[in-house]
Amino acid sequence: MPTILSHPAVPLALGLGLGSHIVSRPLLLAGVVASVLPDLDVLAFRFGIAYSHAAGHRGISHSLAFALLLGFFALLFARHLNASRRTAFAFVFVATASHGLLDMLTNGGMGVALLWPLSEERFFFPFQVVEASPLSVRRVFGPRGAAVFLSELLWVWLPAAAVFVAAVLVRRRMRSNPSIEGTSTSKLRSLAAAPHVKR
Ligand SMILES: [Zn+2]
């Protein structure tokens, strides 16, 4: 895995870039949690579950199906997350799915069971540019940790910064072009405020 500190880069870049008007703070927090949640599967080692098992590390919790599941959870609690159901679903799905996809860029461990339950095959991207993070916390702070941190800076945080800038530009465009955002709502409001208008 990239270190647990780097997985939130994706929801943070998207959420902060799009702004709290689209991605509320509670939804942003849910996205950050969803982006690190899949690595709770390291607990499987404690229960003697093999790495290669579907329930092992980088198994079920790293699949797109798991991301869909968390997305649906977010959809159910959209009102509490102060977001539309569509936004809550999409944001948490992307945040969770990004975890497995980032792991597929790492150069260590086993691949990711991205397509579980359709397949238990483990996948990597053809370009494994991110240094795999040691699973032991003590080693994260050693010299190996420094190499991991540098590669994550280059391959995770730098692209995340680009996503942030792109999201800011999208938000500005939406603001300056009302035909993209809120037109139907504003039309409805004007119709409601003018009852004499023929409908
Ligand atoms: Zn992981």
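Above this text sits the structure in question.
A brief look at the structure comes next. (Residues numbered from 1 in each chain as written. Predicted model: local features only at pLDDT ≥ 70, side-chain atom pairs only at ≥ 80, totals over all residues.)

Glancing now at the overall build of the protein chain. Looking only at helices and strands, the protein chain features eight helices and zero strands. Starting at the N terminus and ending at the C terminus, the protein chain contains elements arranged as α-α-α-α-α-α-α-α. Looking at the protein chain residue by residue over its 199 residues, the buried ones come to 34%. Sequence-distant contacts, at least 24 apart, represent 63% of the contacts inside the protein chain between residues at least 6 apart. (Helix = DSSP H or I, 4+ residues; strand = E, 2+ residues; numbered from the N terminus. Buried ≥ 20, exposed ≤ 12 C-beta atoms within 10 Å, placed from the backbone. Contact = placed C-beta atoms within 7 Å.)

To continue, consider unusual backbone geometry. Put simply, W116 and P117 share a cis peptide bond, and its omega is 5°. Looking at the secondary structure, you find P117 in the loop between α5 (85-103) and α6 (137-140). A positive phi is found at R58, a non-glycine position, where the angle reads about 65°. Looking at the element boundaries, R58 is found in the loop between α3 (43-46) and α4 (64-76). When the 28 C-beta atoms within 10 Å are taken as the criterion, R58 is described as buried. Of note in the backbone geometry, N82 takes a positive phi value of approximately 60° without being a glycine.

Look at α4 against α5: their axes get within 7 Å of each other, and the N-to-C directions meet at 150°. Between α4 and α5, the angle is such that the two are roughly antiparallel. In this structure, the crossing between α4 and α5 has a hand that is right-handed. Facing α4, whose interface residues are L64, F66, A67, L68, L70, G71, F72, A74 and L75, α5 presents R85, A88, F89, V92, F93, T96 and A97. Residues that form the contact of α4 with α5 fall into these classes: 13 nonpolar, two polar and one charged. (Axes fitted to C-alpha atoms, helices over the stretch in contact; angles between N-to-C directions. Parallel < 35°, antiparallel > 145°, perpendicular 65-115°, else oblique. Left-handed = near helix turned anticlockwise from the far one by under 90°. Nonpolar A, V, L, I, M, F, W, Y, C, P; charged D, E, K, R; others polar.)

Running from N to C, helix α1 (residues 9-18) and helix α7 (residues 143-176) point in directions that differ by 20°, and their axes come no closer than 7 Å. The angle between α1 and α7 places the two elements in the roughly parallel class. The handedness of the crossing between α1 and α7 comes out as right-handed. Taken together, the residues of α7 that come into contact with α1 (itself represented by A9, V10, A13, L14, L16, G17 and L18) are V156, W157, A160, A161, V163, F164, A166, A167, V168 and R171. In terms of residue class, the contact of α1 with α7 is made up of 15 nonpolar, one polar and one charged.

The subject of this paragraph is the nonpolar core. Across soluble globular proteins, nonpolar side chains have a tendency to be buried as a group. Judged by nonpolar contacts, the single largest core of 33 residues is most densely connected at L27, A74, A88 and V92. At the level of elements, α1, α2 (25-36), α4, α5 and α7 are the ones that each hand at least two residues to this core. With eight residues, α5 is the largest single contributor of residues to this core. Leaving out residues up to four positions away in the same chain, A88 has contacts with L27, A74, L75, A78, L81 and A83. (Core = buried A, V, L, I, M, F, W, Y, C linked by C-beta atoms within 7 Å.)

Mapped onto the secondary structure, A78 falls in the loop between α4 and α5. By C-beta crowding, A78 is classed as partly exposed, having 19 other C-beta atoms within 10 Å. Between the C-alpha atom of A78 and that of A88, which follows or precedes it by 10 residues, the distance is 5.7 Å. In this structure A78 touches A83, S84, R85 and A88, once residues within four positions along its chain are discounted.

All we've got here are geometric facts, nothing functional implied.
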